[in-house]
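Working through the structure, step by step
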Amino acid sequence: MIRCVDVRKTYRTGGREVQALRGLSVTIDEPGFYAIMGASGSGKSTLLHLLAGLDAPDSGEVSVCGKRIDSLSERALTTFRRDEIGIVFQQFNLIPTMTARDNIELPGVLAGKNARELRERSTELVGLLGIADRADHRPEALSGGEQQRVAIARALLFAPGVIFADEPTGNLDSRSSEALWSLLASISRDHQTTIVMVTHEPSAAAHCRRVFVMQDGVVRSTIETDGIDASGLAAEYQRHSRTA
Ligand code: ADP
Ligand code: MG
């Protein structure tokens, strides 16, 4: 489903080099909800960008949904991003002048899909995400949690096999965050969607089946979360970060 082998990525800016990924390997072979944790600068966002086909590695294999994407053309990558995956960021990236529903349908409109089918799909999605009564409001009239639900609905429009989320609750209060993690967990469970979420919150990771701990550009270890609550996970994460 997801496979990285010996992935390297170096950023070069103004004569300075930063090795963001240094031979990273990781495999996810079962659908589910997964977390990536690690100190700031450990390469989490870089990894997510490569998995989502937003950037290419310098070397190594990146496979997503059974497809090698590390050497695809820009055009093929655009199709891959549209049809096979969904992406959710900390910033909700909604169009302020459009209603929630129109934001959700936008990728479909751009892809030339049938308007009536898009309307049916967006109706289904606002129901799934619990924002049916907010569908005709613009983002400014929605809470942060509601805006992020709109962004998630938009990511789900084409029913992708995988969703990538980079600190999706970074702009939300703790109650909205907790609700969002539960929602992501249930989407992953009920719709056989794999969700890979970067987070620094043990309470978020506690909703996931496995945590990949990153350090200095590699996945240093994994934590199986079976039966561990948020505080247990926080302790386990500390232990992994120290001994790694
Ligand atoms: P994380 O998400 O874990 O905080 P990142 O993947 O964003 O880490 O960054 C890893 C390293 O790469 C950091 O040292 C960061 O400064 C650097 N980096 C990330 N993106 C760029 C970029 N576009 N140009 C230059 N350096 C970058
Ligand atoms: Mg980051």
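Notes on the structure in this doc start here. (Residues numbered from 1 in each chain as written. Chains lettered and ligands numbered in written order. Predicted model: local features only at pLDDT ≥ 70, side-chain atom pairs only at ≥ 80, totals over all residues. Heavy atoms only, no water.)

**Notes on the sheet that holds strand β7 (residues 162-166)**
Note the following rule: For two strands to pair, DSSP has to find at least two bridges joining them. Runs of E in the DSSP output that reach at least two residues are strands. Runs of H or I that reach at least four are helices, and both are numbered from the N terminus. Helix axes are fitted only over the stretch in contact, all axes being lines through C-alpha atoms; the angle between N-to-C directions runs from 0 to 180 degrees.
Pairing is mixed in the open sheet, where 6 strands are placed in the order β6-β7-β8-β3-β9-β10. Both edges of this open sheet fall to β6 (85-88) and β10 (218-224), since each of them pairs with a single strand only. Put simply, the sheet's adjacent strands are angled 20° from each other on average, direction ignored. Relative to strand β8 (residues 194-198), strand β3 (residues 33-38) runs parallel, the two being bridged by 4 bridges. Bridge pairing links A35 to M197 in β8.

**Some remarks on the pairing of β8**
Side-chain direction in a regular strand flips from residue to residue, so the side chains alternate between the two faces of the sheet. What counts here: Burial classes follow relative accessibility: with a 1.4 Å probe on protein chains only, a residue under 20% of its type's maximum area counts as buried, one over 50% as exposed, and anything between as partly exposed. Look down the strands so they point away from you; if going from the first strand over the helix to the second traces a clockwise path, that crossover is right-handed.
Of all 5 residues that make up β8, 5 are buried, and the element is covered over most of its length. Judged by which residues are buried, β8 turns out to be covered on both faces: T194, V196 and V198 on one side and I195 and M197 on the other are all buried. Taken together, the 5 bridges between β7 and β8 define a ladder with parallel strand orientation. Bridge pairing in β8 places F164 opposite V196. Assessed by its sense of winding, the connection that carries the chain from β7 through helix α6 (residues 174-190) to β8 is right-handed.

**What to know about α6**
Short version of the rule: Multiplying 1.5 Å by the residue count of a helix minus one yields the expected span of that helix. Any two residues whose heavy atoms approach within 4.5 Å at even a single point are treated as in contact. Counted as a polar contact is a pair of N or O atoms within 3.5 Å, where, for protein atoms, one must be capable of donating a hydrogen and the other of accepting one, and residues adjacent in sequence contribute only when both atoms are in side chains.
With 17 residues, α6 should cover 24 Å at 1.5 Å per step; its first-to-last C-alpha distance of 24 Å lies within 8% of that length. Inspection of α6 places S177, L180, W181, L183, L184, A185, S186, I187 and S188 among the buried residues, and these make up the whole buried set. Elements that come into contact with the buried residues of α6 comprise β3, α4 (115-128), α5 (144-155), β8 and α7 (202-205). Two to three positions downstream of the cap, the backbone nitrogen of R175 sits 3.1 Å from a side-chain oxygen, assigning the N-cap of α6 to D173. Of the residues flanking the end of α6, it is Q192, one or two places downstream, whose phi is positive at about 50°.

**A word on helix α1 (residues 44-51)**
Among the 8 residues that make up α1, 6 are buried, leaving the element largely enclosed by the rest of the structure. Within the span of α1, buried status applies to K44, T46, L47, L48, L50 and L51. G53 sits one or two positions beyond α1 and adopts a positive phi of about 70°.

**Some remarks on empty space enclosed by the protein**
Quick note on the threshold: The rule is simple: put a 1 Å grid over the protein atoms alone, call a set of points where a 1.4 Å probe fits but cannot get out a cavity, call an open set with protein on both sides within 12 Å along at least five of seven lines a pocket, and count a residue as lining if it has an atom within 4 Å of a point. Grid points are joined across faces, edges and corners, and a volume is the space filled by probe spheres set on the points. Here the nonpolar group is Ala, Val, Leu, Ile, Met, Phe, Trp, Tyr, Cys and Pro; Asp, Glu, Lys and Arg are the charged ones; every other residue, Gly included, is treated as polar.
A full pass over the atoms with the stated rule returns 2 cavities of 30 Å³ or more. For the largest cavity, the full set of lining residues is I2, V26, I28, I36, L47, L51, V196 and F212. Considering only residue class, the lining of the largest cavity consists of 8 nonpolar, no polar and no charged. In this model, the second largest cavity occupies a volume close to 30 Å³. Residues that form the lining of the second largest cavity fall into these classes: 1 nonpolar, 4 polar and 2 charged.

**Topic: the site of ligand 1**
Our working rule: Residues are labelled near a given molecule or strand when at least one of their non-hydrogen atoms is within 4 Å of it. Note that accessible areas follow from Shrake-Rupley with a 1.4 Å probe, and for residues the cover is restricted to the protein chains shown.
Near ligand 1 the following residues occur: Y11, T13, V18, A20, A39, S40, G41, S42, G43, K44, S45 and T46. G43 places a polar main-chain atom, nitrogen or oxygen, 3.1 Å from an oxygen atom of ligand 1. The separation between an oxygen atom of ligand 1 and a polar main-chain atom of S45 is 2.9 Å. Taken by itself ligand 1 offers 560 Å² of open surface, and the protein chains cover 64% of this. Secondary-structure elements contributing two or more residues to the shell around ligand 1 are β1 (2-13), β2 (16-28) and α1. If one sorts the elements of the shell around ligand 1 by residue count, α1 sits on top with 3 residues. Each residue belonging to the shell around ligand 1 can be placed in one class, and the counts come to 4 nonpolar, 7 polar and 1 charged.

**Here's the deal with the packing of aromatic side chains**
Note the following rule: When the centres of two rings from Phe, Tyr and Trp lie within 6.5 Å, Trp using its six-membered ring, the rings pair. Their planes under 30 degrees apart give stacked, over 60 give edge-to-face, and anything left gives tilted.
On inspection of all chains with the given rule, the structure shows 1 aromatic pair. Geometrically, the ring pair formed by Y34 and F212 is stacked, given 6.1 Å between the ring centres and 25° between the ring planes. Here F212 lies in strand β9 (residues 210-215) and Y34 lies in strand β3, a separation of 178 residues in the sequence. By relative accessible area, which is 1% here, Y34 ends up buried.

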